[in-house]
Every structure is written in C-alpha cells, then in structure tokens.
Amino acid sequence: METLWQDLRYGIRMLAKSPGFTAVAILTLALGIGANAAIFSVVNAVLLRPLPVENPDRLVRVFASNTSGTRYASISYPDYLDLRDQNSVFSGLLAYGRFSASLGGQEQGGQTAPAELIRGEIVTANYFSVLGVRPVKGRAFIPEEERSPGSAPVAVVGYGMWTNHFAADPNIIGKQIVVNGHSFTVVGVAPPDFPGAEIGTLPDIWVPIMMQEVIRPPSSGSLRQAYGTDLLHHRDAGWLHLIGRLKPGVTPALAQANCSTIAQRLEQTYSSSNRGGGVNVVPVRGGLDASDREDVLPIAGLLLAVVGLVLLIACANVANLLLARASARQKEIGVRLALGASRSRLVRQFLTESILLSLLGGGFGMLMAVWVRDLIASVKPPTPVPIALDLSIDFRVLLFALVLSVLTGIVFGLAPALQVSRAPVAYALREEALLRRLRKSRLRITLAVAQVALSLLMLITAGLLVHSLSNAQAVRLGFNPGRLLSAWIDLSLRQYPETQGRAFYGRLIERVQALPGVRSVSFARTIPLGFSARAMIVHIEGQGAPSPENAVRAGNNIVAPRYFETMEIPILRGRDFSQTDTAASPKVAIISETMARRFWPAEDAVGKRLLFSANETIEIVGVVADSKYRTLGESAGLYVYLPLEQNFEYGMALVVRSSKDPSALVPLLRQEVQSLDKALPVTAIQTMAANVSTSLWPARAGATLVGIFGLLALVLAAVGIYGVTAFTTAQRTHEIGIRMALGAEPRDILRLIVGQGMALAAVGIAIGCAGAFAVSRVIAGFLYGINPADPVAFIAGALILGVATLLASYIPARRAMRVDPLVALRYE
C-alpha cells in the first residue's frame, strides 16, 4: 500500500510538471469517456434501469407463444384467469392493456370543456399490489371492482395528470372525471414518475379491467364483427400483457414449466381457440416488453459501437502522447534501471500515471456526459405517444464510467510502459539512442495510423448517411404532400354503432368540404409514411385453389371516395371508389401499378378478380400509380386499396387538400368535429409535409449522431497527430539545427515534418477506406438511393481527414522552420 501511495504521489508530480501534456490527455479522454457515458445513460434508461417497483428482480412477463414462431403474443382474459388461478409459482399475476381515451367534453356550468386525448392502462384489481406500488393519495383498486361489471366506475390518476389537469388538488379523491363520455370516480393518485408496467410513457390514468367495453372497445371493423365490443369473454381475443411475481425460491425456469403445463391443459380443453398455444416466461429486464427489447438491442449495440470507436481513437491518441513523452524521460528511465529498478516496477509506475490520467479524464467526462444527457433529453422524437425516459445518472452509469476509466488507463498505458521498460540500461542512458528508438517505434506509427483509419471510417459513414438523407428528401413520393392536412378521428372512443359511425363520417366530410379554401376531403385508415403497416393475404383468381404456397401478401389501406384526388395519386386505369360501392354491392378494390404489372403484365388488370377466401371475390375496378406507403426507403410493392363503405373502420385519418396554407384549417377542423360531438378529441393533426419530415427523423437523427461523433473523432485524430508531431519535432531540435547549419532550407524542414505526418495519414486513409467499405455494406439498408460505395462520401472523407492531418503537421513544422541553427547546436 505504501508503494502504491508513492507511485500516486510521484505520478501526480510528473503530471503537474507537464501541464500542457496533462491538459491535452485529460481533454482527449474526457471526450471519449464522456461520449460513452452519455450514450450508456440512454441504454441504461431503456434496457437496464428496473421498473420503480418493489423487488423488480422477482418479476417475470408471461406471453403467449405458438408454433408459427410467435414468442411474445398477448393473452386473452379467460386464459389469464386460468393462469392466475391454476399456477403454483406466482404470489400474484396481473394483467394490463394500454389504451387511448377521450377526457372531458362534458358541460360544466353552462360551458363545455374541450375533449382531449389521454393514455392509460386498463388493469386487473391486483395490478398495484403485485407491483408493490402504493398510491400517494387514496387507494388502489379492490377485487370487487374487477369482478363486478355493475360497480361504479373508478380510476387512479397519474401524478402528472393530477398536477397538470387538477393543479394538485388535495381534495381530488372522490371527484368525478369524464372518460369516453362516462363518469369515473377518482380513488387514488399514483406515485410521481411511475411509468406503469412499461417504461417510455407516463400513463394519465388506470381503470379496472371490467370497464373494457367503455375504455378499450375494438377499433377495427373486423374485430367488431367477430367480438362486438366485449373482449373479456372471448378466449381467442388476445389483448392483455401479463406480469407475475415469483414466490420465494421459485426460478423463472420453474415458472416456465408450471405455466407450460397449464397451457397444455388449456389446449386440450379448448382445442378450437388454443390449438398449438403455449406460454413464454421471461424475466423482467429493465422496463421494456421483451419484443420491444429485441428491437432496441441492435440500435443500442450500434450506438455503443460508434462511441466505442471514439474512445479507441482517444486511447490511441493518449498512448501516442505517452510514447512521445517517454523520450523526455529517457534519463530518468535509464537511471532507475541502473539503480536496480525492475521492469515490473517501471511498468507499474507508468500504469499508475496512465490510470490517474484516465480517472481525471473520466471525472471531466462525466461532467460532459451530464451536458450531453440533457441535450439528448431535450430532443423529442416525433412519436404519436410522447416518450418519457429517466436519464438520471445512477450507480450503473457511475460504475460504467469508473470501470471504463480504469480499463482505458490500462489499455493506453500498458503498451507504452512495456515498450519503454524493455530498453537495456546502457541503451536507455544514451539520449540519442533512445530518441531514435522512440521516433521509429512501430507501436507509435501503428497507433497514429489506427487513429486516422478509425476517424476516416466514421467520417465516411457519416458522409454516406448525410448524402442518403439529402437523397431521401428528393425521393419521388407518388403523392403531393403540399397543402395537405391530416387528422385522426377515433369513433371507438365514443362507442359509436356502425350505422352512426357511417353517418358521422358523411356529415364530417360535408362540413369540412364546405370550409373556405378546401379543395377535396377523404378518409384513410393509414396515411403514407406513418410508420404503420397493414398487410393481407390475397389470391389471384385463375391460379388454382388458395393455398399457403400460391397466396400473395400485399399491403392494404381502406379509403373513402376522392382519396386519390385528395392525395393527387394518379388513377392510371379504371375508376375511383364511389358512393355506390356500398356494403350491399359487389366487393371492389383498386390496386397499385406494380401489382397490376406483376400479375397481368400483358393484360388490363381492371375487371380481374382477387380472392380473399374460398367464398369471397373482389373485382379490381382501378389501377393507381405506385407511391410510398410506409417508409421512404421501400421499393414499389404490391398494394390493395379497399372502399370504406365495404370495410368500415372505427378509427380513420381525415385528409384534406387545401388551396392555401393548410395550417389555417386546424382550428376550423376542430370546431367542425366538436360541433358534431363535443366529447370526441381530434388528434395527430399535422400537415403532410410535416409527416414526410417526421418520416425522415430516424435518418436525420442517425446522420446527425454519427456526424457529431465523426467530427469528434476527426478532432481527436487531429489533436493526436498534432500532439505527437509537435512533441517529436521539439525533441529533434538538435537534428533540425544541424540540418539547417549544413544548408537545409526552411522548405526542406517543412517537407520533412509534414511529409512524415502525411505518410502516416496515407496509410491510415487506405486502411480506413477498406474498413468503411465493409461497414457500408452493413448499413446499406439505411441508405436512400445511393451506392454503399458512394465515391462522393469516400473522397470527401479522405480529403477532410487529409486536410486535418496537413494542418496538424504544418503547425509544428512551421515552428521547426524558425529554429536558429546556433541555438539548436547549443541544445543541452
């Protein structure tokens, strides 16, 4: 311990003697470690931070699985009851489902409060008790409120809703709120920032599961036909997510075996609805659902890999600085070896200094991480549901930064320590000998080349993404987003019967069409570039009996008449849907140009038929031009449009084409909806141009993030090259003086110093281009309309790095050109 303390004190003195070197090294490490800590704080919030509940390590999620490969499916309420009542491994098993609902819209004191959209969870009565969460005011639900459909509706409100909507009213318990037109009594207030059963959003409200028909009726017309509005009594209607708390001593594997036995018993008892069904028990890791976790893991890995490259560049940078600095300590090294110091003692001293440097860099890096974390938190992705993540610095982030700092100190300090300590005693005592050895060190050259190569790899990747983003903004959409407005109308929130829903849609179109400046109005189940996908299995008439082998999967949308006119999608052949395409008339469809060309290349597709089942045929009445449906990067595919009148849906997007700025229609549109139903909220109102911009957000975010880290890598590489070049140039002052005394011109010195730096850069650029070519194949799926080997990105990246290297080498070379030969010859 005493020896370690001596090493620390000596290391501190040595770092204090070289403040310039110490500042550059600490800043370099702070940038690398800070970037990693900031990204890790996001990964920690999404994947590692447990739910803020009691003993989260004892919780597991229970999913339905089947033979088709689905592992994380939702579960029906009857199956939940059987799993809850028949298991022997859970001290409690809860069920929940997420929902959106309308709040307000009722008259109060002669005035009508505007309806707004809220989000929440519909839960079993044991929800809060299983999670071990206690309301800060009032109480949680009781079993009678789950078992008795006729009981008075009650609700627990979120802390945010209590403070924002009710101004933290201390008398909130017992008050009435109107949700989906029904009155609920508030019985409790959830704890602050309680995210519900999953992280990412903060629910506004929780209601008992027996209120399902009021709160969460099916919004799909097909589901309404199958189940009506009741989902609680259909064993094949999976819509619930389950979380169980393991009994003491029970492992997830034992819970899996017990639940699988119950699933087999249910399959035997209910063969029609549970055929091939099983369960999948997964420990709760973090707060994400297992399927969402699988989607997030690759993105998290990519982010950590990017900042890991930045840290590698920083390590190479500091290692090179340590090697160069060792040339100033050759006498010290030689004397210590001559006095009997062992190689291991020297290595330990150098490692102590490097780890001390790294810890200081990590400390400043954490300050930077806090700033970057706040910057990340301020960037809100344009998602329909606001994302709420806890990005606070907890012990996991601190431990990560500490371990990373120590490992970083070992990584960049070990190789220089080993190389310097291997010098023979007599060799180390000869100043010029050790100088030549360090100057020609293969390790130093390798580290410099590695910095350049890694920096170029990131610059080229950023260039590809930026060029791709530029191309994406010029992609042919197939529709005209200009002066187009969309808004979401969900009639399931108000439990409209189908006949009233059809009448509502008709009256709303008439009213909006009459607004000043409106050219055309229609409805669509999904709007283009909305990140939602609907697909259906269709069979082409005349190709044999329908079977899995010859069935075709095509994207689909449900639209009202004048949709193609409103979107300005050209109808190439045939006709648009009309008011005569009713539920009583023959089924019709309109298909995309690519689908027509694929199945009827030499014929007119109009008049041909599609088969949806053995007894249902649909006649093709039109062919429209291809357009972008889900993402800008997709290629033209098979697509089927169906008429709303024949395929009624309770949730539809209103699309409005205006002759002027569509934003001016927003208050008028809200007013028209409120005039028809005061309690129906209008949500997701935005121009189609904004929607297109939203669809570019992932590409823009990726390009920005990689671009920032690419520039950071460039700065680190330039600082590293400058530092090493300046340090070694200073150590060659005697040599440069001799060269100038013998007749060397300043331009010769410039050529010598810059040439060495550019030679290293040339090797690094060649290696970096090869690495970037390999990486570009991996990210090819994220690129719009450019070759992964895009010469513009490769050439631009190489030129930027070449110029940075030239400047980093030129500054110390210019200083060397001004060396006075007389002074240099008297050097030491």
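See the structure above.
Presented here is a report on the structure given in the accompanying data block. Fair warning: this is a prediction, and the values are worked out from it, not measured in the lab. (Residues numbered from 1 in each chain as written. Predicted model: local features only at pLDDT ≥ 70, side-chain atom pairs only at ≥ 80, totals over all residues. Heavy atoms only, no water.)

### Description of the overall build of the protein chain
Applied cut-off: We count a stretch as a helix when DSSP gives it H or I for four or more residues in a row; a strand needs E for two or more, and each element gets its number in order from the N terminus. Only protein chains enter the accessibility calculation, which uses a 1.4 Å probe; a residue whose area is less than 20% of its type maximum is buried, one above 50% is exposed, and one in between is partly exposed. Every residue pair with non-hydrogen atoms within 4.5 Å of one another is taken to be in contact. A 1.4 Å probe and the Shrake-Rupley method give the accessible areas. Residues count as covered only by the protein chains that appear here.
For the protein chain, the count of helices and strands is 27 helices and 23 strands. The buried share of the protein chain, reckoned over its 828 residues, is 51%. Sequence separation of 24 or more characterises 79% of the internal contacts of the protein chain that already satisfy a separation of 6 or more. Total accessible area on the protein chain is roughly 36200 Å²; 60% of this is exposed by carbon and sulfur atoms.

### Thoughts on the nonpolar core
In globular proteins that are soluble, nonpolar side chains generally tend to be buried together. Stated formally: Residues enter a nonpolar core if they are buried and are Ala, Val, Leu, Ile, Met, Phe, Trp, Tyr or Cys, with the set joined through side-chain atoms within 4.5 Å.
Core analysis: the largest hydrophobic core is formed by 52 residues, its most contacted members being Tyr563, Phe564, Met567, Ile569, Phe577 and Tyr641. Leave out the neighbours within four places in its chain, and tyrosine 563 touches Ser522, Phe523, Ala524, Thr526, Pro528, Asn557, Ile569, Asp576, Tyr641 and Val655. Ile39, Leu94, Tyr96 and Val130 belong to the second-largest nonpolar core, a separate cluster that totals 50 residues.

### Considering unusual backbone geometry
One non-glycine residue, alanine 168, lies in positive phi territory at about 55°. Note on placement: alanine 168 falls in the loop between α6 (159-165) and β8 (176-179). The class for alanine 168 is partly exposed, based on a relative accessible area of 32%. Phi is positive for glutamate 568, which is not a glycine, with a value near 60°. Within the secondary structure layout, glutamate 568 lies in the loop between α19 (563-567) and β17 (571-574).

### Things to note about the side chain of aspartate 169
Condition: Throughout this description, a polar contact denotes any pair of N or O atoms lying within 3.5 Å of each other; where both atoms belong to protein, one of them has to be capable of donating a hydrogen while the other can accept it, and for residues adjacent in sequence the pair is counted only when both atoms sit in side chains.
Of note, aspartate 169 is situated in the loop between α6 and β8. The class for aspartate 169 is buried, based on a relative accessible area of 15%. One polar contact links aspartate 169 to lysine 175, side chain to side chain, over a distance of 2.4 Å. Non-local contacts of aspartate 169, meaning those with residues more than four positions away in its chain, are made with Trp162 and Lys175.

### Comments concerning the pairing of strand β11 (residues 241-246)
Definition in use: Here the rule is simple: two strands pair whenever DSSP picks up at least two bridges between them.
Extensive coverage of β11 is indicated by the burial of five of its six residues. Bridging between strand β1 (residues 59-65) and β11 involves four bridges; their strand directions are antiparallel. Within β11, the position partnered with arginine 61 by the bridge is isoleucine 243. Looking at chain direction, strand β2 (residues 90-103) and β11 are connected through six bridges and run antiparallel. Bridging across to β11, leucine 94 finds its partner in isoleucine 243.

### Some details on a nonpolar patch on the surface
This is how it is decided: The residues that make up patches have over 30% relative accessible area and no salt bridge, and they are joined within 9 Å when like-charged or within 5 Å when they are Val, Leu, Ile, Met, Phe, Trp or Tyr. The term salt bridge refers to a side-chain nitrogen of Lys or Arg lying within 4 Å of a carboxyl oxygen of Asp or Glu.
Side chains of Leu359, Leu399, Leu402, Val403, Leu407, Ile410 and Leu414 sit close together on the surface and give an oily, nonpolar patch of about 560 Å² of accessible area. Among the elements that make up the nonpolar patch, the one with the highest residue count is helix α14 (residues 395-421) (six residues). Mapped onto the fold, leucine 414 is located in helix α14.

### Examining helix α9 (residues 252-269)
Applied cut-off: Take the residue count of a helix, subtract one, and multiply by 1.5 Å to get its expected span.
The terminal C-alpha atoms of α9, which comprises 18 residues, lie 26 Å apart, in line with the 26 Å expected from a rise of 1.5 Å per residue. Of all the residues in α9, the buried ones are Ala255, Gln256, Asn258, Cys259, Ile262, Ala263 and Leu266.

### Quick notes on the environment of tyrosine 629
By secondary structure assignment, the location of tyrosine 629 is in the loop between β20 (616-624) and β21 (639-643). In this structure tyrosine 629 comes out as buried when scored by relative accessible area, which is 12%. Taking the C-alpha atoms as reference points, tyrosine 629 and leucine 529, 100 residues apart in sequence, are found 5.5 Å from one another. Apart from the residues lying within four places of it in its own chain, the contact partners of tyrosine 629 are Ile527, Pro528, Leu529, Gly530, Ser592, Glu634, Tyr639 and Tyr641.

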